[in-house]
Amino acid sequence: MYEGYLRDLLAPLGIYDLTERSVSGAAVCALGTGLDDISDRLEEIEREALTATAEDEGLDRREALFARRPAAVTAEDRRAAIAALLQIDGDSLTPEAIDRTIRGCGIKARAIEMGDGQLRVIFPEVAGEPEGFPQIQKIILDILPCHLGVEFYFRYLTWEECEAAGYTWAQVEAAGHTWESFQLAVPPEE
């Protein structure tokens with residue numbers, strides 16, 4: 001790219017032999033290659049410098065600023081998690097702000113204010129304990145203010161739901177449920 005630009009720039013002067021076998025031509029080729037390498041590196045630095053466009057090193061360096069890595073995996077989700085964590089400030093103690101931050105970290109959870117300094121964290125789209133819960137728990141506890149009591153609530157099938165659905169043991173056995181899989185056969189939330 002830059003080699004062609006330099007050749008086009010110097011050719012009208014007529015004082016350089018710009019053929020490939022000449023010293024001047026080799027120098028222009030070397031300079032062009034060096035400038036191409038610098039240009040590529042600068043493009044990469046510019047991309048990684050902004051959270052909105054970072055893909056690798058920029059995301060890794062920002063995530064290193066936090067006590068825990070967000071639960072997000074894809075570059076897009078990691079960017080959203082970093083943006084959510086960077087928004088935490090002294091005014092981030094409302095349930096809505098806490099919810100926004102938790103969801104921004106890639107965690108599908110909701111914080112519900114229970115009163116008396118207690119929060120309940122629920123996982124509405126998950127039956128049972130969510131996958132990777134130990135990491136999720138650490139992230140949430142790092143986000144939430146330390147003066148709040150936090151209770152994690154997991155959703156399992158209740159006897160009341162079994163009765164409302166009219167389940168019989170014959171139906172449960174016919175579906176091939178184990179006790180563990182039956183606990184997780186939670187009806188969809190309305």
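Everything quoted here is computed from the prediction, not taken from an experiment.

Draft legend 1. Quick look at the packing of aromatic side chains. Applying the stated criterion across every chain yields a total of 10 aromatic pairs. Residue placement shows Arg 120 over the ring face of Tyr 153; its charged tip is 4.8 Å from the ring centre.

Draft legend 2. View of unusual backbone geometry. One non-glycine residue with positive phi stands out, namely Asp 116, at about 55°. Take Asp 116: it is sitting in the loop between strand E1 (110–115) and strand E2 (118–122).

Draft legend 3. Quick look at the nonpolar core. One finds Ile 102, Ile 107, Val 121, Phe 123 and Ile 140 to be the most contacted residues of the largest nonpolar core, which totals 16 residues. For this core, the secondary-structure elements that each account for two or more residues are helix H5 (95–104), E2 and helix H6 (133–143). Ranked by residue count, the leading element in this core is H6, at five residues. Core analysis: the second largest hydrophobic core is formed by five residues, Cys 162, Val 172, Phe 182 and Val 186 among them.

Draft legend 4. How the structure looks around a nonpolar patch on the surface. Together, Leu 35, Ile 38, Leu 42 and Ile 45 make up a nonpolar patch on the protein surface, roughly 350 Å² of accessible area in all. Among the structural elements, Leu 35 can be located in helix H2 (residues 23–49). For Leu 35, a relative accessible area of 34% translates into the label partly exposed.

Draft legend 5. Just a negative patch on the surface, in detail. On the surface, Asp 37, Asp 40, Glu 43 and Glu 46 cluster together into a negatively charged patch. With respect to the element layout, Asp 37 can be found in helix H2. Taking the relative accessible area as the measure of exposure, Asp 37 reaches 48% and is therefore partly exposed.

Cut-offs used in this document
Residues numbered from 1 in each chain as written. Predicted model: local features only at pLDDT ≥ 70, side-chain atom pairs only at ≥ 80, totals over all residues. Heavy atoms only, no water. Phe/Tyr/Trp six-rings, centres within 6.5 Å; stacked < 30°, edge-to-face > 60°. Lys NZ or Arg CZ within 6 Å of the ring centre and 35° of its normal. Helix = DSSP H or I, 4+ residues; strand = E, 2+ residues; numbered from the N terminus. Core = buried A, V, L, I, M, F, W, Y, C linked by side-chain atoms within 4.5 Å. Buried < 20%, exposed > 50% of the residue type's maximum accessible area, 1.4 Å probe, protein only. Patch = residues over 30% accessible without salt bridge, like charges linked within 9 Å, V, L, I, M, F, W, Y side chains within 5 Å. Areas by Shrake-Rupley, 256 points an atom, 1.4 Å probe, with all protein chains shown as cover. Salt bridge = Lys/Arg side-chain N within 4 Å of Asp/Glu carboxyl O. Lys, Arg positive; Asp, Glu negative; His and termini not counted. Charge placed at Lys NZ, Arg CZ, Asp CG, Glu CD.

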